[in-house]
Each structure stands twice: as C-alpha cells, then as structure tokens.
Amino acid sequence: MKYKSVFDIIGPVMIGPSSSHTAGAARIGRVARTLFGRQPEWAVIYFYGSFAKTYKGHGTDVAIVGGLLDFDTFDERIKSSFQIAEQQKMKIEFHEEDAVTDHPNTAKIVIGDHQGELELVGISIGGGKIEIIELNGFVLRLSGHNPAILVVHDDRFGAIANVSNILAKHEINIGQMDVSRKEKGKMALMTIEVDQNIGDEVLREIGELANITQVAKIVD
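The structure presented is a predicted model; accordingly, all values stated were derived computationally and were not measured.

Conventions and cut-offs
Residues numbered from 1 in each chain as written. Predicted model: local features only at pLDDT ≥ 70, side-chain atom pairs only at ≥ 80, totals over all residues. Heavy atoms only, no water. Helix = DSSP H or I, 4+ residues; strand = E, 2+ residues; numbered from the N terminus. Pairing = 2+ DSSP bridges. Axes fitted to C-alpha atoms, helices over the stretch in contact; angles between N-to-C directions. Contact = heavy atoms within 4.5 Å. Domains from an automatic or database assignment. Buried area = accessible area lost by both parts, 1.4 Å probe. Salt bridge = Lys/Arg side-chain N within 4 Å of Asp/Glu carboxyl O. Polar contact = N/O pair within 3.5 Å; in protein donor to acceptor, adjacent residues only side chain to side chain. Nonpolar A, V, L, I, M, F, W, Y, C, P; charged D, E, K, R; others polar. Buried < 20%, exposed > 50% of the residue type's maximum accessible area, 1.4 Å probe, protein only.

Comments concerning the environment of Leu-209
Secondary-structure assignment places Leu-209 in the loop between α7 (200–207) and β10 (212–218). As for Leu-209 and Ile-166, which are separated by 43 residues in sequence, their C-alpha atoms are 9.7 Å apart.

Shown next, in the form of structure tokens:
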C-alpha cells in the first residue's frame, strides 16, 4: 500500500508498544463507540490471527477497550482502561478465534446496552491505520482517518443521487463512496468519506430525504 507521509509509516502519537496492535486497536474501538453514539454497557471482543496470538503481550485488549471509552491513541488513560471500564460498569469479554481471516490483525466488536446493539469488524493495516470492513452485516470499507457519514437507506432509485446533491449544495467534496446492500430492493448502507467535517444541518437535511432511515457521522 502507499503511504502519504512519514507519519503513516512511523505511526501516530500513541500509547505503545505497537502501532498496529495498540494504536490501530484503539482506533477500531473508538470508531465502534462513535457509531454506537454512546458508551456501551457491555462489549464482546473477538480477536483473529495475530491479534488472537499476541493481544495480551501487545496491549491490544487494553487499547481496544480504551477506544470503546472514547480515548484517542495518545490518551494516557488507555493504560488504565480496564479499571476505568470496571468503574463505569462496562462488562468486557474477550475471545480468541481460530478462524482464518483475510487480514491477520482482525477484530470483531459487539457492543450494546438496553437500547440496542452494534457489530463491527475492523482490521489494523499498519502504522496505526485501520479499515472497518463490516458493520451490522453490511460489507464496507471505512478508513476512520477522514470525516465520514454512514447513511442507512432503502434500496431505491435516486437515494444515492439525493444524498450527493445535498453534499454538493454545501460544497462538501466526496473522497470515497461505497454502497452495500444485503438484498436487492431492501436495506442498504452508504459509506461516504469527505474532505471536511460535516455540520449537523447537513445531517438533518440528509435525514429528511425520502427513503433515508438513519444517518451517523464520524469526525476525524
């Protein structure tokens, strides 16, 4: 893969020891927390490949819980994330999985509370960079390094164009867009990474469109 700068190779400012196994894990956890929209009451975390073999020694477990607590990669509180989660009554389970995945640094996070659940699969691709490859059963590709919006919608003609038109009206440039659906004509998911942060007014306009059921944003 190509890196944009030397910092993509060195990795972000972070709590160590590994950009792939700690910074990347923290970012996966934090994206899950952001999409859930609140602190979960419980989390079940599945590690695959290299994550499953080394997560205790490399602090992957501590980092991913720190992300679920909304701590950034450089936040010193990551070191105490287990204790903080316990104080906040968040129950955590870890599972080491034997299944072979496409990427060795893969984690699946299932989080929830009395209001609902969220399931997310993320991979740490090196230098603290991540990709989210699955969300609630939808296949997607989300880097977590740029502002993004996720739009759940009915798979209907014009839905994608209508969202794009609102972004164009507000002069928001689309860097990447993916659309995933489980079944033709049913529910679909737009993943849109953009070049600038998205205001609440833009989200409101998108949410009021026909065939749109849910809108969420991730801010870099």
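Picking up after the structure, the text goes on.
Notes on the sheet that holds strand β3 (residues 105–113)
Overall, mixed pairing links the six strands, which are arranged β2-β1-β3-β4-β5-β6 in an open sheet. The open sheet has two edge strands with one neighbour each: β2 (91–96) and β6 (138–142). Neighbouring strand axes in the sheet, compared pairwise and without regard to direction, differ in orientation by 20° on average. Sheet strands in contact with helix α3 (residues 49–58) are β1 (42–48), β2, β3 and β4 (116–126), and its direction is about 110° off that of β1. Along the sheet, helix α4 (residues 60–68) contacts β1, β2 and β3; its crossing angle with β1, the most-contacted strand, is approximately 140°.

Overview of the domain arrangement of the protein
In terms of domain boundaries, the protein breaks down into domain 1 (1–136) and domain 2 (143–220). Counting residues at the interface gives ten residues for domain 1, matched by eight residues for domain 2. A combined buried area of about 700 Å² lies between domain 1 and domain 2, and 66% of that area is made up of carbon and sulfur atoms. Its largest share of buried area at the contact with domain 2, domain 1 owes to Leu-35, Ile-130 and Leu-135, together 44% of the area lost on that side. For the interface between domain 1 and domain 2, the tally reads zero salt bridges. For the pair domain 1 and domain 2, the number of links is one residue pair in polar contact (both at pLDDT 80 or more). Looking at the side of domain 1 that touches domain 2, the elements that each hand over two or more residues are α2 (19–36) and β5 (129–135). Among the residues forming the side of domain 1 that touches domain 2, the class breakdown is four nonpolar, three polar and three charged.

A word on the pairing of β1
Burial of β1 is extensive: five of the seven residues sit out of reach of the surface. Two strands pair when backbone bridges link them, and β1 and β2 are joined in this way by six bridges, in the parallel orientation. Within β2, the residue paired with Ile-45 across the bridge is Phe-94. By the bridge criterion, seven bridges tie β1 to β3 in an arrangement that is antiparallel. Note on β3: the bridge partner recorded for Val-44 is Val-110.

Details of the sheet that holds strand β8 (residues 174–181)
As summarised here, the arrangement of the four strands in space is β8-β9-β7-β10, forming an open sheet in which the pairing is antiparallel. Each having just a single partner strand, β8 and β10 make up the two edges of the open sheet. Pairwise comparison of adjacent strand axes, ignoring direction, gives a mean angle of 15° for this sheet. Pairing analysis gives six bridges linking strand β7 (residues 148–154) to β10, with the strands arranged antiparallel. Bridge pairing in β10 places Val-151 opposite Val-215.

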